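Here are the chains, one letter per residue:
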Amino acid sequence: MKHILSSLQFKKEDLEKILKRASVMEGQCKSGKIKKLLEDKIIACIFFEPSTRTRLSFEAAALKLGAKVISAENAMESSSAFKGENIGDTTRILCSYADVVVIRHPQAGVVEAVAKISTKPMINAGDGANQHPSQALLDLYTIKKEHGRLSNLQIAFGGDLLNSRTMRSLVPLLAFYLKNKFYFVSPKELAISREFRNYLTKNKISFEETSNLEKILSKVDVLYMTRVQKERFASSRTYEKVKDLFILKNAHLKFLKKNAIIMHALPKVNEIEADVDLDSRATYFRQAQNGLYVRMALFLYVFGL
Ligand code: CP
């Protein structure tokens, strides 16, 4: 049984397999000739935190492959969690109805914990500020598609790096490839955690930290912006203090390389000026579209097809 819990679980050959399959899925979607390989499967999606892209693209991916979908959105309110049911019991029940369970939860580590008692594959669709492995895979697919390579890249992450599960999930995947260098650009209040810094050092991953966006713009092939994660702050006062400290402006674009790409997992709020959307280097809507193909590939990977 294959769970998808963390990007740290993958070997390089898994990545190559999933990316290749995602490309086949993209081809099938575009030609309208999709092999309905999951016709006998039921996919359960239960989301205890809000989502647009992740839940709907997992569901669309399942439907495209012929599976049936059962779904609980806003599950803190709309599932029996509201009545006090614990996540372990909920998982046991979902496993008796579905062939795979896709779950998002605000608490870091919860999906990994319930996977231990699960009788069906579990897919972590984001657990707190910890991991978002399917996002990391679609980001990898996007970079490969846009740049034609996954090595020899200068990659900057900007914004709320303290709380970004997206950044934390993608870096280990890009670290498989040679000569990649990372820049972590943020106000000091939102800088990478000590634990993540130790991970980078221990794994000999080349990186620099700075708060100066202008300084690194001309160097990077990928600028990955992140949202200030309001829901992870202990108080709204702390959030208000930092929420507008780091914004990519239209005026910044002249410093970026012509073939650089601007990524964002979305939703974006105020961290990218609206005009930036019109620049051909703004990749985030294409990136979200790629989520469909990658999640189709992930279902096939989980079922060993
Ligand atoms: N990228 C992402 O996880 O988006 P949603 O929160 O809309 O699912």
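In this text the structure is predicted, and so the values were computed from the model without any measurement. (Residues numbered from 1 in each chain as written. Predicted model: local features only at pLDDT ≥ 70, side-chain atom pairs only at ≥ 80, totals over all residues. Heavy atoms only, no water.)

(A) Examining the site of the ligand more closely. Residues in contact with the ligand, as listed here, are Ser 51, Thr 52, Arg 53, Thr 54, Arg 104, His 132, Gln 135, Ala 265 and Leu 266. Take Leu 266: an N or O atom from its main chain is 3.0 Å from a nitrogen atom of the ligand. In the complex, 91% of the free accessible area of the ligand, which totals 260 Å², lies under the protein chains. Of the residues that constitute the shell around the ligand, the class distribution is 2 nonpolar, 5 polar and 2 charged. Residue assignment places the shell around the ligand across two domains, with domain 1 (7-130 + 289-302) and domain 2 (134-288) each supplying three or more. (Near = heavy atom within 4 Å. Polar contact = N/O pair within 3.5 Å; in protein donor to acceptor, adjacent residues only side chain to side chain. Areas by Shrake-Rupley, 256 points an atom, 1.4 Å probe, with all protein chains shown as cover. Nonpolar A, V, L, I, M, F, W, Y, C, P; charged D, E, K, R; others polar. Domains from an automatic or database assignment.)

(B) Region of the structure containing the sheet that holds strand β7 (residues 207-210). The sheet built from 5 strands is open, its strands ordered β7-β6-β5-β8-β9 with parallel pairing. The strands lining the two open edges of the sheet, one partner per strand, are β7 and β9 (261-264). When strand polarity is set aside, the average angle formed by the axes of neighbouring strands in this sheet is 20°. In this structure, strand β5 (residues 154-158) lies alongside strand β8 (residues 222-225), joined through 4 bridges in parallel fashion. (Pairing = 2+ DSSP bridges. Helix = DSSP H or I, 4+ residues; strand = E, 2+ residues; numbered from the N terminus. Axes fitted to C-alpha atoms, helices over the stretch in contact; angles between N-to-C directions.)

(C) The arrangement of a nonpolar patch on the surface in detail. On the surface, Ile 42, Ile 70, Ile 93 and Tyr 97 cluster together to form a nonpolar patch covering roughly 340 Å² of accessible area. You can see Ile 93 is positioned in helix α4 (residues 87-97). Here Ile 93 falls in the partly exposed class, since its relative accessible area comes to 39%. (Patch = residues over 30% accessible without salt bridge, like charges linked within 9 Å, V, L, I, M, F, W, Y side chains within 5 Å. Salt bridge = Lys/Arg side-chain N within 4 Å of Asp/Glu carboxyl O. Buried < 20%, exposed > 50% of the residue type's maximum accessible area, 1.4 Å probe, protein only.)

(D) Here's a closer look at the packing of helix α1 (residues 12-31) against helix α11 (residues 284-302). Across the interface, α1 lies against α11 with an axial gap of 8 Å and an inter-helix angle of 120°. Here α1 lies oblique to α11, going by the angle between them. By crossing handedness, the relation of α1 to α11 is classed as right-handed. Contacts between α1 and α11 pair Asp 14, Ile 18, Arg 21, Ala 22, Met 25, Glu 26, Cys 29 and Lys 30 from the former with Asn 290, Tyr 293, Val 294, Met 296, Ala 297, Leu 298, Leu 300 and Tyr 301 from the latter. (Parallel < 35°, antiparallel > 145°, perpendicular 65-115°, else oblique. Left-handed = near helix turned anticlockwise from the far one by under 90°. Contact = heavy atoms within 4.5 Å.)

(E) Structural detail: the UniProt feature "domain: Aspartate/ornithine carbamoyltransferase Asp/Orn-binding" (unreviewed entry) in the protein chain. Within this structure's numbering, the places UniProt gives as "domain: Aspartate/ornithine carbamoyltransferase Asp/Orn-binding" (unreviewed entry) are residues 152-301. Between the first and last C-alpha atoms of residues 152-301 the distance is 28 Å; the span itself is 33% helix and 15% strand. (UniProt positions renumbered as here; feature names shortened; annotations may be inferred.)

(F) View of the nonpolar core. If you look at the biggest cluster of nonpolar residues, it comprises 61 residues, and the most contacted ones within it are Ile 43, Val 102, Ile 143, Phe 157, Phe 184 and Phe 299. Top element by residues in this core is α11. It accounts for 10 residues. When we break this core down by domain, the ones giving at least three residues each are domain 1 (7-130 + 289-302) and domain 2 (134-288). The contact partners of Phe 157, leaving out residues within four places of it in the chain, are Met 167, Leu 170, Val 171, Phe 182, Tyr 183, Phe 184, Val 185 and Tyr 224. (Core = buried A, V, L, I, M, F, W, Y, C linked by side-chain atoms within 4.5 Å.)

(G) Examining the packing of aromatic side chains more closely. Using the criterion set out here, one finds 11 aromatic pairs in the structure. When the ring of Phe 182 is compared with that of Phe 184, the centres are 6.3 Å apart and the planes differ by 10°; the resulting orientation is stacked. We classify Phe 182 as buried; its relative accessible area is 1%. Taking the ring centre of Tyr 301 as reference, the NZ or CZ of Lys 2 above it sits at 4.2 Å. Residue placement shows Lys 41 over the ring face of Phe 303; its charged tip is 4.8 Å from the ring centre. (Phe/Tyr/Trp six-rings, centres within 6.5 Å; stacked < 30°, edge-to-face > 60°. Lys NZ or Arg CZ within 6 Å of the ring centre and 35° of its normal.)

(H) The pairing of β5, seen in detail. By the criterion of burial, β5 is predominantly enclosed, with 4 of the 5 residues buried. Sheet topology places β5 next to strand β6 (residues 181-185); 5 bridges connect them, and they run parallel. Within β6, the position partnered with Gln 154 by the bridge is Lys 181. Assessed by its sense of winding, the connection that carries the chain from β5 through helix α7 (residues 165-174) to β6 is right-handed. (Right-handed = clockwise from strand over helix to strand, strands pointing away.)

(I) Representation of α1 within the structure. If you check α1, its first and last C-alpha atoms are 29 Å apart, about what 20 residues at 1.5 Å a residue would give, namely 28 Å. Buried residues belonging to α1 abut α2 (53-64), α6 (133-147), α7 and α11. A positive phi of about 75° marks Gly 32, the residue just after α1. (Expected span 1.5 Å × (residues − 1).)

(J) Broad picture of the environment of Thr 52. Residue position: Thr 52 is located in the loop between β1 (42-47) and α2. By relative accessible area, Thr 52 is classed as partly exposed at 47%.

(K) Here's a closer look at the UniProt feature "binding site: carbamoyl phosphate" (unreviewed entry) in the protein chain. Mapped onto the present numbering, the UniProt feature "binding site: carbamoyl phosphate" (unreviewed entry) falls on Arg 53, Thr 54, Arg 104, His 132, Gln 135, Leu 266 and Pro 267. Cross-referencing the annotated residues with the largest pocket identifies Arg 53, Thr 54, Arg 104, His 132, Gln 135, Leu 266 and Pro 267 as lining it. Looking at the secondary structure, you find Arg 104 in strand β3 (residues 100-105). Since its relative accessible area comes to 6%, Arg 104 is described here as buried. For Arg 104, the contacting residues outside a window of four places in its chain are Ile 46, Phe 47, Phe 48, Glu 49, Pro 50, Ser 51, Thr 54, Ala 125, Gly 126, His 132 and Arg 165. (1 Å grid on protein atoms, 1.4 Å probe; cavity = no way out; pocket = protein on both sides within 12 Å on 5 of 7 lines; lining within 4 Å.)

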